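Topology and contacts: notes
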Amino acid sequence: MKGLEARKAALEVIQAAGGGAFADVALERVFNLYSFKPIDKALITELSYGAIRQRYFLDHWIDFLGKVPAKKQPPLLRWLLHLGLYQILKMERIPPAAAINTTVELTKNLSLSKLAPVVNGILRSALRSKEKNLQPPKSKKPSLELAKNESIPVWFAEELIAWRGFKDANKIAQAFNSVSPIDIRVNKLRAERKNVKEIFDSFGIKTQLIPGCPYGLEVPAGGGDPKKWPGYEEGKWSVQDRSSQLIAPSLGALPGEKILDACAAPGGKSTHIAELINNEGKIWSVDRSSRRSQKILANSERLGTKCLQLLVADSNELLLKHPEWEGFFDRILIDAPCSGLGTLARHPDARWRMNQDNIQELVSVQSQLLNALAPLLKRGGTLVYSTCTIHPDENFNQIKKFLQLKSEFILVYEKQIWPGEKSNGDGFYIAVLNKFKNK
């Protein structure tokens, strides 16, 4: 049956994510295991990522149409229904008959033949409901409606409304369900943005300039593997979200300075700093993971950033292991481990990984990093704290607490970037702090 193999592969990704695997890792594994054409890879990505992203929304439809609630269904049946329902309810370009027939056929192929009538019945009921504009019953509670309609956890819907009000919360949640373009950062050491744009255009890859990002270009989603795009192997550019491209410039680093990137893997910001200072200076790129640190090395070699010094270490212990580094660095970047709640559009499974307890654990980790690294900054130096989240406890409140403890620091600038804003980037937070010279 046409399209059956692609849907079977998508189901493997959905099933893996349902069992706790990272969606991008599961997708890459499927692509490595099987040989698919680019058009099939695009379909597999959309089906799997879409069904994972819309998990809560699709569960409501199973609850509405089925006799057994979604969470009490056998997991494989639940994921099969998600695959079929996503196509019927969220995809316009797939004929409903194809969505239903392939899902029923998959049910039979997976030794679930006895359940094929159940799958067929629920999917056909969904199609009839869609055609008659029938919906699952509405909740009187705004947070429950937001969670259901935009498929986000209820606790997160409640938080969003508390932070931004219902209208903005809805806009942010909708942004989490949009397909993000791919942003690239041109490497000024090896190319000019104008030339990279011309090369892309000549290959039939449309690009446009990103306002506020002097080295940024936007590439529409669905353009295939970026590593195969022109100029990648030659190190003329890197993939980096536009919001993330604002971090390194906020450090204000100058040629010849000593700079610490304390949570550096996979190296996007370290290499960006090196590009901005024309390789003139010294950047210590620190990460506790030796495996992830290899990515820093690979990126640095490809881009030709020769001023990076790689260090596999726990940044909390740097002063203990290097007492000579007290007051040593001109600039310190702490791109802290965080909940990643600003990047849900790019990571479909991330919304289901986080909860309030996880976030408070991360708040503690971030606080430890700030306090451990503050002594390494010289008087008159600059510290930038950044995250890819929108949770105030990880951002504004974190910096507020730090400043109350460290009177030698002053806040120079802070910005929260929200998904759904005109900039169209991920949710990010940036705080720029200066250390008094004579305190």
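This text follows the structure it describes.
Heads up: these notes are all about the structure in this document. All values reported here derive from a predicted model rather than from experimental measurement.

Turning next to the sheet that holds strand S5 (residues 258-261). What links the strands of a sheet is backbone hydrogen bonding, and the strands pair in either a parallel or an antiparallel sense. The strand order across the open sheet built from seven strands is S7-S6-S5-S8-S9-S11-S10, with neighbouring strands paired in mixed fashion. Edge positions in the sheet fall to strand S7 (308-312) and strand S10 (409-417), since each of these pairs with one other strand and no more. With strand direction ignored, the average angle separating the axes of adjacent strands in the sheet is 15°. Across five bridges, the pairing between strand S6 (residues 282-287) and S7 is parallel. Its bridge partner lying in S7, Trp284 is registered against Gln309. Packed on one face of the sheet, helix H13 (residues 290-303) meets S6 and S7 and runs near 170° to S7. Lying on the sheet, helix H16 (residues 396-405) is in contact with strand S9 (377-387), S10 and strand S11 (428-435); it crosses S10 at an angle near 175°.

So, on to the sheet that holds strand S4 (residues 237-239). Strand order in the open sheet made by the four strands is S2-S3-S1-S4, with antiparallel pairing throughout. Pairing within the sheet leaves two strands with one partner each, and these edge strands are strand S2 (208-209) and S4. With four bridges joining them, strand S1 (residues 182-186) and strand S3 (residues 216-219) adopt antiparallel strand pairing. The partner of Asp183 across the bridge, within S3, is Glu218.

Further remarks concern the environment of Ala116. Its location among the elements puts Ala116 in helix H7 (residues 116-131). Every residue in contact with Ala116, bar those within four places of it in the chain, is listed here: Val104, Thr107 and Lys108.

Between two packed helices, what matters for the description is the angle formed by their axes and the separation of those axes. Two elements in contact, helix H5 (residues 75-90) and helix H6 (residues 96-109), have axes whose closest approach is 9 Å; the angle formed by their N-to-C orientations is 170°. It follows from the interaxial angle that H5 and H6 lie roughly antiparallel. Where H5 approaches H6, its residues Leu80, Leu83, Gly84, Gln87 and Ile88 are matched on the opposing element by Ala99, Ile100, Thr103, Leu106 and Thr107. Its residues placed into classes, the contact of H5 with H6 shows six nonpolar, four polar and no charged.

The subject of this paragraph is unusual backbone geometry. Of note, the amide linkage connecting Ala265 to Pro266 takes the cis form, showing an omega dihedral of 5°. Examined against the element boundaries, Pro266 turns out to sit in the loop between S5 and helix H12 (268-276). Despite not being glycine, Asn133 has its phi angle at roughly 60°, a positive value. The residue Asn133 is located in the loop between H7 and helix H8 (142-150) in this model. The class for Asn133 is exposed, based on a relative accessible area of 60%. Despite not being glycine, Asn278 has its phi angle at roughly 55°, a positive value. Residue placement: Asn278 occurs in the loop between H12 and S6. In this structure Asn278 comes out as partly exposed when scored by relative accessible area, which is 37%.

How each quantity is defined
Residues numbered from 1 in each chain as written. Predicted model: local features only at pLDDT ≥ 70, side-chain atom pairs only at ≥ 80, totals over all residues. Heavy atoms only, no water. Pairing = 2+ DSSP bridges. Helix = DSSP H or I, 4+ residues; strand = E, 2+ residues; numbered from the N terminus. Axes fitted to C-alpha atoms, helices over the stretch in contact; angles between N-to-C directions. Contact = heavy atoms within 4.5 Å. Parallel < 35°, antiparallel > 145°, perpendicular 65-115°, else oblique. Nonpolar A, V, L, I, M, F, W, Y, C, P; charged D, E, K, R; others polar. Buried < 20%, exposed > 50% of the residue type's maximum accessible area, 1.4 Å probe, protein only.

Any functional reading would require information that these geometric values do not contain.
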